[in-house]
Amino acid sequence: MNRLVLSHIEELESEAIFIIRELAAQFERPVLLFSGGKDSIVVLHLARKAFWPSKLPFPLLHIDTGHNFAETITFRDNLIQKLGLDLRVGSVQEAINRGDILEEKGLLKSRNSLQSNVLLSSLNTGGFDAAIGGARRDEEKARAKERFFSHRDDFGQWDPKNQRPELWNLFNGKKHPGEHFRIFPISNWTELDVWHYIQKEKLEIPNLYFSHEREVIDRDGILLAKSEHNHQLETDSLTSKQVRFRTIGDVTCTGAVHSVAKNIEEIILELQSTRITERGGRSDDRRSQAAMEDRKKEGYF
């Protein structure tokens, strides 16, 4: 009897599509969190596959800090137009202008943590009961505690001690009014898995992920892009380097890495030999020992 043997990447894809279809069955108003980064691009592709040839049955939501890389916003808008998708945008700048949140002060200020408030407000305004994200367990120790269906209370907060067991691929999406879930279909994937899948599916990604010449601010080993939003300190050095970005977030906290990898094959080879974690260049993760977990408890992705 012939037996269909799935590759590792095919198994991950099948699992993710199953989770996406399961959430569509359990929740009334899901939304897909989309940043224009590689992980959210993969999740969007998986979601389109899950319901093909029908249209995506839920909208996308991007929380815009106002300090994003210009390349990311351009890529996001072009992709949304090309695919004909429904994109909602929650603006940190607009929330600051309304007085809903206060912007950090000082030379090292960042808007990254301000996204939590805007995300929760956007979910509440849209009446969304599930937010699909591209977080993976291998990224950071706090994210390693996540379930596929991650419960949030009526304040939008995450309690790692109050998560439901997930046995035999059974997912419990029951909730009280005002509560919601974060859904992570690629939680079991690694950074390398994501790149192998991008290569396999021939997905378009922002050019920030590939090696390019850029002026960067070297701040305690973190290479921040030269930008009007990044103030140069006396201890910083400004140089031009061949770099690429492994994550794409707020320009004030997303560090680049030295790299000559100009295509996906070279990126895969580079990752196979690196010892630096994917978020090793994120300055926001260095603010405290539990920086990510603290932000997640407040409603962060």
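The preceding data block contains the structure.
A brief structural summary.

The rules we used
- Residues numbered from 1 in each chain as written.
- Predicted model: local features only at pLDDT ≥ 70, side-chain atom pairs only at ≥ 80, totals over all residues.
- Heavy atoms only, no water.
- Core = buried A, V, L, I, M, F, W, Y, C linked by side-chain atoms within 4.5 Å.
- Buried < 20%, exposed > 50% of the residue type's maximum accessible area, 1.4 Å probe, protein only.
- Helix = DSSP H or I, 4+ residues; strand = E, 2+ residues; numbered from the N terminus.
- Domains from an automatic or database assignment.
- Contact = heavy atoms within 4.5 Å.

## Section: the nonpolar core
Across soluble globular proteins, nonpolar side chains have a tendency to be buried as a group.
Item 1. One finds Leu32, Val42, Leu46, Phe149, Ile183, Trp189 and Trp195 to be the most contacted residues of the largest nonpolar core, which totals 57 residues.
Item 2. Mapped onto this core, the elements with two or more residues apiece are α1 (8-26), α2 (38-51), α3 (70-83), β4 (130-132), β6 (180-183), α6 (191-201), β8 (222-225) and α7 (264-273).
Item 3. Mapped onto the domain boundaries, this core takes at least three residues apiece from domain 1 (8-197 + 290-297) and domain 2 (208-285).
Item 4. Residues in contact with Ile183, not counting those within four places in the same chain, are Ile19, Leu23, Phe27, Ala130, Ala131, Ile132, Gly133, Phe148 and Phe149.
Item 5. Within the second largest apolar cluster, 14 residues are counted, among which are Val31, Val118, Leu119 and Phe128.

## Side note on unusual backbone geometry
Item 1. In this structure, the amide linkage connecting Trp52 to the following residue, Pro53, adopts the cis form with an omega of 10°.
Item 2. Along the polypeptide, Pro53 turns up in the loop between α2 and β2 (60-64).
Item 3. Its identity is not glycine, yet Lys202 carries a phi of approximately 55°, on the positive side.
Item 4. For Lys202, the position within the fold is in the loop between α6 and β7 (212-219).
Item 5. Residue class for Lys202 comes out exposed when judged on its relative accessible area of 72%.

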